[in-house]
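Residues per chain, in single letters:
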Amino acid sequence: MQTNEKKEFKLIALDMDGTLLNNQQEISKENREAIAKAQEQGVHVVLSTGRSLLTCREYAQSLQLSSYLITVNGSEIWDESGELVERKLIDASSIEKMWNLTQEHKLNFWAVTTDKVWRDEFPEDIASQEWLKFGYDIPDDALREEVLKQIAGISDFEISNSSLTNLEINALGINKAKGIMTVCERLGITMDEVIAMGDSLNDMAMIEAAGCGIAMGNAQEAVKEAADWVTDTNVNNGVAKAISHWVLK
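Small disclaimer: the values here were computed from a predicted structure and weren't measured. (Residues numbered from 1 in each chain as written. Predicted model: local features only at pLDDT ≥ 70, side-chain atom pairs only at ≥ 80, totals over all residues. Heavy atoms only, no water.)

Draft legend 1. Examining the sheet that holds strand β4 (residues 76-78) more closely. The strand order across the open sheet formed by 8 strands is β5-β4-β3-β2-β1-β11-β12-β13, and the pairing between neighbours is mixed. A strand with exactly one partner marks an edge of an open sheet, and here the two such strands are β5 (84-87) and β13 (229-230). Note that strand β2 (residues 44-48) and strand β3 (residues 69-71) share 2 bridges and pair parallel. Pairing of Leu47 across the sheet is with Leu69, part of β3. Here helix α3 (residues 53-62) sits on the sheet and contacts β2, β3 and β4; the angle it forms with β3, its principal contact strand, is near 150°. Sheet strands touched by helix α9 (residues 238-246): β1 (11-14), β11 (194-198), β12 (212-215) and β13. Its angle to β11, the strand with the most contacts, is close to 160°. (Pairing = 2+ DSSP bridges. Helix = DSSP H or I, 4+ residues; strand = E, 2+ residues; numbered from the N terminus. Contact = heavy atoms within 4.5 Å. Axes fitted to C-alpha atoms, helices over the stretch in contact; angles between N-to-C directions.)

Written out as structure tokens, the structure is:
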């Protein structure tokens, strides 16, 4: 994808973990200032994250963001007034099968419903919940590959990661790029007017679809290869440096 420094970008889509946040889960002063300046220029700044609304809303509020939120890798989209625009669920029977894999292989897992992140516990009545995402953290490469094959046998899913050792499972067709496209339609802008920044495979779709896809200096190699530009790391204000280079007048 060709990028043009003279182009006027109208939306910045930011991943959170490994991108906007440092390793202490904080937003640096430099990143805050760059985001504030971009918003002053009329640029929409959208968090596009694997996190649920429960675990990202405070960050958005602290940045005084006045635009959309794309959460759970695009499974939910929230408008500027906090109203739900779109939600795509995973059926409970598939969740039950993925939960059974955690028991079979003794895996670390997390799962996201519309009102909770489940980590060290799981509901007895799986069908009583509305499920958005299931995730595994599997440091053993061979076991991760085996689990991936078993997941593929359950149903068709959107499978990505947010670190080299995990797997993130969303409903088929759900990813951050699709979420951004929905937001762009509502704002009357095009994907080539978007800058998207991230570090992991769950950011790949939006990095490839955006007018300017930016990988963090700490990004997975595949993400760097797919990006138009590589900025500094998440601990060296890579977001601020990219906004300064591409957006600020």
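More follows now that the structure is in view.
Draft legend 2. Up close: the domain arrangement of the chain. When the domains of the chain are assigned, the result is domain 1 (11-87 + 174-247) and domain 2 (92-170). Of note, the centres of domain 1 and domain 2, computed from C-alpha atoms alone, are 24 Å apart. With 14 residues of domain 1 at the contact, the number on the domain 2 side is 16 residues. Between domain 1 and domain 2 lies a buried interface of about 1200 Å² when both sides are counted; carbon and sulfur atoms form 53% of it. At the boundary of domain 1 with domain 2, the tally comes to 1 salt bridge. A salt bridge links Glu130 to Arg87; the shortest N-O distance between them is 4.0 Å. At the surface where domain 1 touches domain 2, the tally comes to 12 residue pairs in polar contact (both at pLDDT 80 or more). For the side of domain 1 that touches domain 2, the class distribution of residues is 4 nonpolar, 8 polar and 2 charged. (Domains from an automatic or database assignment. Buried area = accessible area lost by both parts, 1.4 Å probe. Salt bridge = Lys/Arg side-chain N within 4 Å of Asp/Glu carboxyl O. Polar contact = N/O pair within 3.5 Å; in protein donor to acceptor, adjacent residues only side chain to side chain. Nonpolar A, V, L, I, M, F, W, Y, C, P; charged D, E, K, R; others polar.)

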